[in-house]
Amino acid sequence: MSHVNIGSSPFIAKLQRNGFILTALGALGMAAVYFTGGEHGLERLMADYLIGFWLITGISVTMMFFSALQYLARAGWSSSIRRIAENFTGFVPFILVAAIPIILNMFSHHHSIYEWTHESAATDPIIMKKAAYLNETFFIVRLAIYGLLWFGMLRFVVGNSLKQDASADDITPTRRNWKRAAPWVLVYALTITFCSFDLLMSLEPHWFSTIWGVYAFAGNFVSALAIITLMTIALRKSGHLAKYVTDEHYHDLGKLMFAFSVFWAYIAFSQYFIIWYANLPEETIYFTFRTANGWQWFGIVLVLLHFIMPFALLLRQDVKRKITMLKTAAYVILLSHFIDVIWIVMPAISKVIKHDGILFGWQEFTGVMFFAGVFCILTARNYMKRSAVAVNDPLVHEALEYTS
Amino acid sequence: MMHELEPVREPLVLGNPSMRDVTARIASIVESKISLKYLLTLGFTATMAAWGLFALYYTITTGIGAWGLNNPIGWGWDITNFVFWIGIGHAGTLISAILFLWRQKWRTAINRSAEAMTIFAVICALTMVLSHTGRPWLFYWLLPYPNQMQMWINFRSPLAWDVFAVNTYFTVSALFWFVGLIPDLATLRNYVRSEIAKKIYGVLSLGWTGSTRHWHHYEIAYMILAGISTPLVLSVHSVVSFDFTVGIMPGWHTTIFPPYFVAGAIFSGFAMVMTLLIIAREILDLKQFITLKHLDNMNKIMLATGMMVGYAYGMEFFIAWYSGSDWENWIFQNRLFGDYAWAYWTMVTCNVVSPQVFWFRKLRRNIPLMFVISIFINIGMWFERFTIIATTLHHDFLPASWGYYSPTWVEISIFIGTFGIFLTLFLLFAKFVPVIAIAEIKSILPGAQPAHHHGHDEHAATSSTTSAEVHS
């Protein structure tokens, strides 16, 4: 089958243009955060940068996981939309570059957002015990390892999917992915876990939770699904995927979003409930601050937007085939994921800069705008370079004729 | 354009049988004469069950003191066995409900027997949990009912949540299983020769005629029950994990427990399904339906869930160190090197190391090997629960209350007895109920699906035994 080249379409041009606008606005906004922030301008800037960095890194990496998972499961239904996820991985090679400001910030001792890099940490009896893990050198080494492994995953999993575009008769690249997707899924599980420990959990260096990696996965996966859904709808609506996407795909993406927003709620509830019930001070520090001083509204909004709304919106069968409802649910999920990350990061920053109240304003939108813009530009770039559909995937015919 | 994808999409039913062949093949198991071998096996498992019931009788008349429990260790084999059996009961509903929602057609060959195992395993779990209360004749004290004295159960106790979680699970699983059975019971009603059997299957099939209307309602009911069962698969073992986590004992209280327990439950459940199905497919000659492809898929799931369990072990360990909590740290070192290190290493070897062989396709299709590994996993998952319970309890916070626990013959006998109950019920099921969902298997035969493009076989296409094609 012939490739689906939509790189020169108005839709992709618009995506790229909006990407540039968002990036520019985000960059200007971040500069404003720094200059209006006074004494703690740098911490605020770095916190907002981290929010954007984590959101886009997590989602980009999870897009590779989505692709690997489809190969692992030999999924036929998704073979015509799998490339949509793969085209969202453009940020992966730049993760390490984008991490440099976070690393540099760790050495600006008084202004680092990571409390364990402060001089006071050297005498903190709890942080001292973790010094073998929480130290600058090992942190940088770990980030480098994640970045390199993710780059390897990109080259292998997405790379083989792209190689399959060359020929329909020789399915060696696909076979390679069928065979090797599983170890990459394992790599993903471990890297996303430890990366979430390093970037997010260590913002509160006294605190710990064994489920944290699963929590990070759940939020990223449901957000990745929401983005895939939005893109699938947009591309089909503009006529580009008419031949490849059917209502059945909407239905299945809707089911997945439904399932994984419930999964997120399950994991979030498990974490909250077990800590709340046992009421041990070393664990409750995380939630006591986040359920007071105005932060409690974030928690309540999360229950509503990250769980109840998607649940109520997507429960019915027919709704999963209706574009408006599906889009609403996807936007709600993305918004709630953003709120979730703010709720994780910002209260920790309040503690670092000795600020008791809520720390939330226009500033928190700048980092995510910048990174979302970069994400859009790199995605548009991928559409300009390659086919929008894995047309030669040996299972693609199944995607065209299946019923969900 | 289209590829020959023989290795990717293997047929799920071998030998290209017609719909009539399928009915005949599976119903003939029910119709066949009871063999001496079957009776001997049944006698053996029933004796095991009777022996367990005797030990239970001994416990009730003597008191829990008949067991090896002692002061620091108030939970031993009783709760270990309870969690073990409840865990086994998870694969059935996962296969029936979650794989149904995921449209995994290979489930049709194994869902019936896996779900039967679920129900039998939950019965065993209930036996264990009732016996551990000490005075099981007062079991109704666990239920909240209006009474003159205004005495209510403690709703804040996870043990009370267990009562609701397990009973709900049992009820819904049994209903789901029975609803799925109705068309097949009707098939048997039409098939068997004995008048009495006809009557019994007739009553049980609730007047099923196979009309389109019946199928339509059946599909809706099945879908709704699958939807209700899916969260139950996750909730039951999560609630069981709360028995441990909401306490503040080091080694018990950790946030990953709910998903970790669910993954472990599915892991152990698949192992048990595997063990029994390998035997059943040999003896009942079901190789045509339960193919190597099915076993391969199940091995993959065991590898995946085994890795999830391994991930949880790793997280517990890492965070025990990372937390900086001396208690947590110590309890995990004690697991590795303490009095129960042998149990811990048995668990790791069986659960994390042994399933690694399933990375290789050749080994995933090696029946003797997978049989051995499935038994390893059963053993390992039992030891997982034992490790969690015993290592945390045996060294209490004060060295004065340190102890060691070994079971007495009574506990061992009760455990053997639960296996007796489980196997006896399974044997009865295998003889009197269609072990494979006849109607569902028909729906995946070549030609049964209206949109199917390949391999139209005239024989199958013209056969009109039932309107099974409705089942899509």
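Residues numbered from 1 in each chain as written. Chains lettered and ligands numbered in written order. Predicted model: local features only at pLDDT ≥ 70, side-chain atom pairs only at ≥ 80, totals over all residues. Heavy atoms only, no water.

## Digging into the overall build of chain B
Next, step 1: Summing up its helical and strand segments, chain B has 17 helices and zero strands in all.
Next, step 2: In terms of C-alpha radius of gyration, chain B reaches 24 Å, essentially the compact-globule figure of 23 Å for 472 residues.
Next, step 3: Dimensions along the principal axes, computed over C-alpha positions, put chain B at roughly 80 × 60 × 45 Å.
Next, step 4: Counting across all 472 residues of chain B, residues that qualify as buried make up 58%.
Next, step 5: Counting contacts in chain B only where the partners sit at least 6 residues apart, residues at least 24 apart contribute 82% of the total.
Next, step 6: As displayed, chain B has an accessible area near 19,600 Å², and 70% of this comes from carbon and sulfur atoms.
Next, step 7: For chain B, the distance from the average position of its 28 positive side-chain charges to the average position of its 26 negative side-chain charges is 8 Å. (Helix = DSSP H or I, 4+ residues; strand = E, 2+ residues; numbered from the N terminus. Rg over C-alpha atoms; globule rule 2.2 N^0.38 Å. Buried < 20%, exposed > 50% of the residue type's maximum accessible area, 1.4 Å probe, protein only. Contact = heavy atoms within 4.5 Å. Areas by Shrake-Rupley, 256 points an atom, 1.4 Å probe, with all protein chains shown as cover. Lys, Arg positive; Asp, Glu negative; His and termini not counted. Charge placed at Lys NZ, Arg CZ, Asp CG, Glu CD.)

## Looking at the overall build of chain A
Next, step 1: Secondary structure summary: chain A contains 14 helices and zero strands in total.
Next, step 2: Along chain A, helices and strands appear, N-terminal first, in the series α-α-α-α-α-α-α-α-α-α-α-α-α-α.
Next, step 3: Relative to the globule expectation of 22 Å for 404 residues, the C-alpha radius of gyration of chain A, 21 Å, shows essentially globular dimensions.
Next, step 4: Across the 404 residues of chain A, 62% fall into the buried class.
Next, step 5: The contacts in chain A between residues at least 6 apart in sequence include a share of 82% that link residues at least 24 apart.
Next, step 6: Carbon and sulfur atoms form 69% of the exposed surface of chain A, whose accessible area is close to 14,800 Å².

## Side note on the environment of B:Pro144
Residue and element names in this part refer to chain B.
Next, step 1: Within the secondary structure, Pro-144 sits in the loop between α5 (111-132) and α6 (158-191).
Next, step 2: Along the primary structure Pro-144 and Asn-154 are separated by 10 residues, whereas in three dimensions their C-alpha atoms are 9.0 Å apart.
Next, step 3: Not counting residues within four places of it along the chain, the set of residues in contact with Pro-144 comprises Trp-152, Ile-153, Phe-155 and Phe-164.

## Section: the nonpolar core
Next, step 1: If you look at the biggest cluster of nonpolar residues, it comprises 283 residues, and the most contacted ones within it are A:Tyr114, A:Leu199, A:Val345, B:Trp85 and B:Phe244.
Next, step 2: Considering every element that reaches this core, the biggest residue donor is helix α2 (residues 41-72) of chain A, with 18 residues.
Next, step 3: In this structure, B:Phe244 is in contact with B:Trp75, B:Ile79, B:Val83, B:Trp252, B:His253, B:Phe257, B:Phe261, B:Ile388 and B:Ile389, ignoring residues within four places of it in sequence.
Next, step 4: In terms of nonpolar packing, the next biggest core, distinct from the first, is built from seven residues, A:Phe273, A:Ile274, B:Trp161 and B:Val246 among them. (Core = buried A, V, L, I, M, F, W, Y, C linked by side-chain atoms within 4.5 Å.)

## A short note on the interface of chain B and chain A
Next, step 1: Taken together, the contact between chain B and chain A spans 43 residues of the former and 53 residues of the latter.
Next, step 2: Together chain B and chain A conceal approximately 4,000 Å² of surface at their shared face, both sides included; 69% is due to carbon and sulfur atoms.
Next, step 3: The tally of links between chain B and chain A comes to one salt bridge.
Next, step 4: Counting across the chain B and chain A interface gives 13 residue pairs in polar contact (both at pLDDT 80 or more).
Next, step 5: Secondary structure elements with two or more residues in the side of chain B that touches chain A: α6, α8 (212-245), α9 (257-283) and α10 (292-322) of chain B.
Next, step 6: The element that contributes the greatest number of residues to the side of chain B that touches chain A is α10(B), accounting for nine residues.
Next, step 7: For the side of chain B that touches chain A, the residue count by class is 25 nonpolar, 12 polar and six charged. (Buried area = accessible area lost by both parts, 1.4 Å probe. Salt bridge = Lys/Arg side-chain N within 4 Å of Asp/Glu carboxyl O. Polar contact = N/O pair within 3.5 Å; in protein donor to acceptor, adjacent residues only side chain to side chain. Nonpolar A, V, L, I, M, F, W, Y, C, P; charged D, E, K, R; others polar.)

## Concerning a nonpolar patch on the surface
All names here are of chain B.
Next, step 1: A contiguous nonpolar patch, built from Trp-51, Phe-54, Tyr-57, Tyr-58, Trp-409, Ile-412 and Ile-416 and spanning about 680 Å² of accessible area, is present on the exposed surface.
Next, step 2: Going through the elements one at a time, α2 (36-62) and α15 (409-432) are the ones with two or more residues in the nonpolar patch.
Next, step 3: The element best represented in the nonpolar patch is α2, accounting for four residues.
Next, step 4: Structurally, the position occupied by Tyr-57 is in helix α2. (Patch = residues over 30% accessible without salt bridge, like charges linked within 9 Å, V, L, I, M, F, W, Y side chains within 5 Å.)

## A word on the pattern of salt bridges
Next, step 1: Counted by the stated rule, this structure contains 23 salt bridges over all chains.
Next, step 2: The shortest N-O distance in the salt bridge between B:Arg107 and B:Glu440 comes to 2.9 Å. Of this pair, B:Arg107 sits in the loop between α4 (90-101) and α5 while B:Glu440 sits in helix α16 (residues 438-443), and the two are 333 residues apart along the sequence. The same class applies to B:Arg107 and to B:Glu440, which are both buried.
Next, step 3: Close ionic contact of B:Arg365 with B:Asp296 constitutes a salt bridge, the shortest N to O distance being 2.8 Å. Within this pair, whereas B:Arg365 is found in the loop between α13 (361-364) and α14 (367-394), its partner B:Asp296 is found in helix α10, the two being separated by 69 residues in sequence.
Next, step 4: Residues joined in a network through salt bridges with shared partners are A:Arg82, A:Arg83, A:Glu86, A:Asp165 and A:Asp393.

## So, the confidence of the model for chain B
Residues and elements named next belong to chain B.
Next, step 1: Per-residue pLDDT for chain B averages 87, and the proportion of residues at 70 or more is 93%.
Next, step 2: Low pLDDT (under 50) marks residues 1-6, which in the prediction has 12 contacts with non-local residues, meaning those over four places away or in another chain.
Next, step 3: Contacts of residues 452-472 to residues separated by more than four positions or lying in other chains number 31 contacts, the stretch itself having pLDDT below 50.
Next, step 4: Interface scoring of the predicted complex returns ipTM 0.93; its pTM is 0.92. (pLDDT = per-residue confidence, 0-100.)

## Some points on the side chain of B:Asn334
Next, step 1: With respect to the helices, strands and loops of the structure, B:Asn334 is situated in helix α11 (residues 326-337).
Next, step 2: Residue contacts for B:Asn334: discarding those within four places in its chain leaves B:Asp339, B:Thr391, B:His394 and B:His395.

## Quick word on the packing of aromatic side chains
Next, step 1: The full count for this structure, using the stated rule, is 96 aromatic pairs over all chains.
Next, step 2: On the basis of an interplanar angle of 20° and a centroid distance of 5.4 Å, the ring pair of A:Phe217 and A:Phe221 is categorised as stacked. Of this pair, A:Phe217 and A:Phe221 both sit in helix α8 (residues 212-237), four residues apart, which is roughly one turn of that helix.
Next, step 3: A relative accessible area of 3% means that A:Phe221 is categorised as buried.
Next, step 4: Between A:Lys130 and the ring centre of B:Tyr322, over which it is positioned, the NZ or CZ distance is 4.2 Å.
Next, step 5: Between A:Lys320 and the ring centre of A:Phe258, over which it is positioned, the NZ or CZ distance is 5.8 Å. (Phe/Tyr/Trp six-rings, centres within 6.5 Å; stacked < 30°, edge-to-face > 60°. Lys NZ or Arg CZ within 6 Å of the ring centre and 35° of its normal.)

## Concerning the side chain of B:Arg335
Residue and element names in this part refer to chain B.
Next, step 1: If you trace the backbone, Arg-335 turns up in helix α11.
Next, step 2: When its relative accessible area of 2% is taken as the criterion, Arg-335 is described as buried.
Next, step 3: A polar side-chain atom of Arg-335 sits 3.2 Å from a polar atom in the side chain of Thr-391.
Next, step 4: Every residue in contact with Arg-335, bar those within four places of it in the chain, is listed here: Gly-251, Glu-316, Tyr-340, Ala-341, Tyr-344, Thr-387, Ile-388, Thr-391 and Thr-392.

## Examining unusual backbone geometry
Residue and element names in this part refer to chain B.
Next, step 1: At Leu-206, a position not held by glycine, the phi torsion is positive, near 55°.
Next, step 2: Tracing the backbone through its elements, the reader meets Leu-206 in the loop between α7 (195-204) and α8.
Next, step 3: Unlike most non-glycine residues, Asp-285 shows phi in positive territory, near 55°.
Next, step 4: Following the sequence through the fold, Asp-285 ends up in the loop between α9 and α10.
Next, step 5: Judged by its relative accessible area of 44%, Asp-285 falls in the partly exposed class.

## Regarding the environment of A:Ile100
Next, step 1: On the secondary structure map, A:Ile100 appears in helix α4 (residues 95-106).
Next, step 2: Along the primary structure A:Ile100 and A:Val389 are separated by 289 residues, whereas in three dimensions their C-alpha atoms are 34 Å apart.

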